[in-house]
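Residue strings, one per chain:
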Amino acid sequence: MAMSVGSDGGDDKPMSDINTTPLVDVMLVLLIIFLIAVPVVVQSVDLQLPKVAFEPTTTKPENVSLSVTAAGDGSCAVFWGMTPVNSSELLDRAVAKLEADIKKAGGVENMTPEDLPEVHIRGDINVPYRCIGGTIYTMQRAGFPKVGFISEPEPGQGVQRL
């Protein structure tokens, strides 16, 4: 460490320069500690995460569009198109819709899984998960194999304009 003892000129002004050597020593010690500690603390399991790409939804006329929002009293409000339905009406309408589509196609033997209608759910951001989960469960119980979500992509994420 360097130390200033005084000057020959007899000038007795206090030294105003900051001695940075102790600060550098402390920072080097912290750097070494973090270089050793970080690989020990950060543990990860090797996973293959799904590759997500923006895919525009192709809406077919036979698809079911549901909107789920929270009512003011803490309950859930589900809308089939623009019509509000409760859970039993939702199940009845879903079963009737699926049976009508199968009958129109000439029976189950004439249909592939791609021919079955899909359910598209729009959920408000403030809706409790139990509302969304209950709607998914009801639609799967009715027999719809494909249930998807409609979301609003981040601005500038591959939105295609025609």
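Residues numbered from 1 in each chain as written. Predicted model: local features only at pLDDT ≥ 70, side-chain atom pairs only at ≥ 80, totals over all residues. Heavy atoms only, no water.

Observations regarding the side chain of Thr 138
1) Next: Looking at the element boundaries, Thr 138 is found in helix H3 (residues 129-142).
2) Next: Thr 138 sits in the buried class, given a relative accessible area of 11%.
3) Next: Filtering out sequence-adjacent residues up to four positions away, Thr 138 remains in contact with Ser 87, Leu 90 and Leu 91. (Helix = DSSP H or I, 4+ residues; strand = E, 2+ residues; numbered from the N terminus. Buried < 20%, exposed > 50% of the residue type's maximum accessible area, 1.4 Å probe, protein only. Contact = heavy atoms within 4.5 Å.)

Remarks on the side chain of Asn 63
1) Next: Topologically, Asn 63 is positioned in the loop between helix H1 (21-41) and strand E1 (64-70).
2) Next: A relative accessible area of 11% places Asn 63 in the buried class.

Points about the environment of Thr 21
1) Next: Counting through the fold element by element, Thr 21 comes out in helix H1.
2) Next: Look at Thr 21 and you get partly exposed, because its relative accessible area is 31%.

Brief notes about the pairing of strand E2 (residues 76-80)
Regular strands place side chains that alternate from one sheet face to the opposite one.
1) Next: Pairing geometry for E1 and E2, over five bridges, is antiparallel. The partner of Leu 66 across the bridge, within E2, is Trp 80.
2) Next: Counting the residues between successive antiparallel strands, the hairpin from E1 to E2 contains five residues, one of them, Gly 74, with a positive phi of roughly 90°.
3) Next: Pairing analysis gives three bridges linking E2 to strand E3 (residues 83-85), with the strands arranged antiparallel. Its bridge partner lying in E3, Phe 79 is registered against Pro 84.
4) Next: Adjacent in sequence and paired antiparallel, E2 and E3 are bridged by two residues, among which Gly 81 carries a positive phi angle near 70°. (Pairing = 2+ DSSP bridges.)

Digging into the confidence of the model for the protein chain
Low pLDDT marks regions whose predicted coordinates should not be analysed in detail.
1) Next: Predicted confidence across the protein chain gives a mean pLDDT of 80, with 76% of residues reaching 70 or more.
2) Next: Mean pLDDT per element in the protein chain: strand E5 (residues 147-149) is the minimum at 85, and H3 is the maximum at 91. (pLDDT = per-residue confidence, 0-100.)

What about the state of the cysteines?
1) Next: For the structure on display, the rule yields one disulfide.
2) Next: Paired by a disulfide, Cys 76 and Cys 131 hold their sulfur atoms 1.8 Å apart. Its torsion about the S-S bond being -70°, the disulfide of Cys 76 and Cys 131 is classed as left-handed. Of this pair, Cys 76 sits in strand E2 while Cys 131 sits in helix H3, placing them 55 residues apart in sequence.
3) Next: Since its relative accessible area comes to 31%, Cys 76 is described here as partly exposed.
4) Next: Note on Cys 131: relative accessible area 3%, which makes it buried. (Disulfide = S-S within 2.5 Å.)

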